Amino acid sequence: AEPFPSHSSQLGHMFPTPDTLRYSYLGGILVENRTNVILVGQPSVGKTLLINHIHDTLDLDRSEVPRMRGDEPFVSVSMNFSRQTSAQNVEQALSSRLKRVEKNTFAPPAEKVLLAMIDDLNVPSKETFGAQAPIEHLRMWLDYGFWYDTKARPKIVNNILFLCAMGPTGQDDG
């Protein structure tokens, strides 16, 4: 018997190995416990596939809405960073899933958690002094729980969880 139907491509399928099982399990546990996750590894080792697998295997309830521990539903947004990715692109992608809950406070709708899956986290171009604006935008939220919008107003953002992948740093300092 064939492991896959003849019309099926093996591309995009997760083959269970000790490493994929280990990282899927650990990643799933971390996400369920609302811990940010970043996978670092050489190109083409399956980091993106692993992130997608973790997302796809989270427990589903009867209504097919993904649920996290404590029965909290979540919404997700997926971003692939490139050299052209800007902080404004990141803010727009994340903000597209957020609703205003108070004057300067935003959160996913209906007590949900926003699961932001980011691939190629370290790829955006560096500015004159070496900073990467999209990463600094995320770092500001991780450190302080807010970021500044395009009009330099603080935007407090609640209930975001990051699931990221990147190559080793220093490989392409372009």
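Enquirer: Help me get a handle on the confidence of the model for the protein, residues and values and all.
Expert: Per-residue confidence for the protein averages 82 on the pLDDT scale, and 82% of its residues sit at or above 70. The secondary structure element of the protein with the lowest average pLDDT is strand 2 (residues 67-68), at 50, and the one with the highest is strand 5 (residues 105-107), at 94. Of the regions scoring below 50 in pLDDT, residues 4-11 engages in five contacts with residues more than four places distant in sequence or in other chains. Every residue in residues 60-65 is under pLDDT 50, and counting partners more than four places away or in other chains gives four contacts.

Enquirer: Outline the packing of helix 1 (residues 18-32) against helix 2 (residues 47-56), listing residues and values.
Expert: Remark: helix 1 packs on helix 2, axes separated minimally by 9 Å, with the N-to-C direction vectors making an angle of 50°. One element, helix 1, and the other, helix 2, form an angle in the oblique class. For the crossing formed where helix 1 meets helix 2, the hand is right-handed. Across from Thr-20, Tyr-23, Ser-24, Gly-27, Gly-28 and Val-31 in helix 1, the residues of helix 2 making contact are Leu-50, His-53 and Ile-54. The class makeup of the residues in the contact of helix 1 with helix 2 is four nonpolar, five polar and no charged.

Enquirer: Residues and numbers for the nonpolar core, please.
Expert: Core analysis: the largest hydrophobic core is formed by 21 residues, its most contacted members being Leu-94, Ile-118, Leu-138 and Phe-162. Each residue touching Leu-94, except ones within four places of it in the same chain, is listed here: Val-77, Met-79, Leu-114, Ala-116, Leu-138, Trp-147 and Phe-162. Among the nonpolar cores identified, the runner-up in size contains 14 residues, and Ile-51, Met-117, Leu-161 and Ala-165 belong to it.

Enquirer: Mind laying out the pattern of salt bridges, listing which residues take part and the relevant values?
Expert: Evaluation of the coordinates by the stated rule reveals five salt bridges. Look at the salt bridges and you will find they share partners, linking Glu-136, Arg-139 and Asp-143 into a network.

What counts and how
- Residues numbered from 1 in each chain as written.
- Predicted model: local features only at pLDDT ≥ 70, side-chain atom pairs only at ≥ 80, totals over all residues.
- Heavy atoms only, no water.
- pLDDT = per-residue confidence, 0-100.
- Helix = DSSP H or I, 4+ residues; strand = E, 2+ residues; numbered from the N terminus.
- Contact = heavy atoms within 4.5 Å.
- Axes fitted to C-alpha atoms, helices over the stretch in contact; angles between N-to-C directions.
- Parallel < 35°, antiparallel > 145°, perpendicular 65-115°, else oblique.
- Left-handed = near helix turned anticlockwise from the far one by under 90°.
- Nonpolar A, V, L, I, M, F, W, Y, C, P; charged D, E, K, R; others polar.
- Core = buried A, V, L, I, M, F, W, Y, C linked by side-chain atoms within 4.5 Å.
- Buried < 20%, exposed > 50% of the residue type's maximum accessible area, 1.4 Å probe, protein only.
- Salt bridge = Lys/Arg side-chain N within 4 Å of Asp/Glu carboxyl O.

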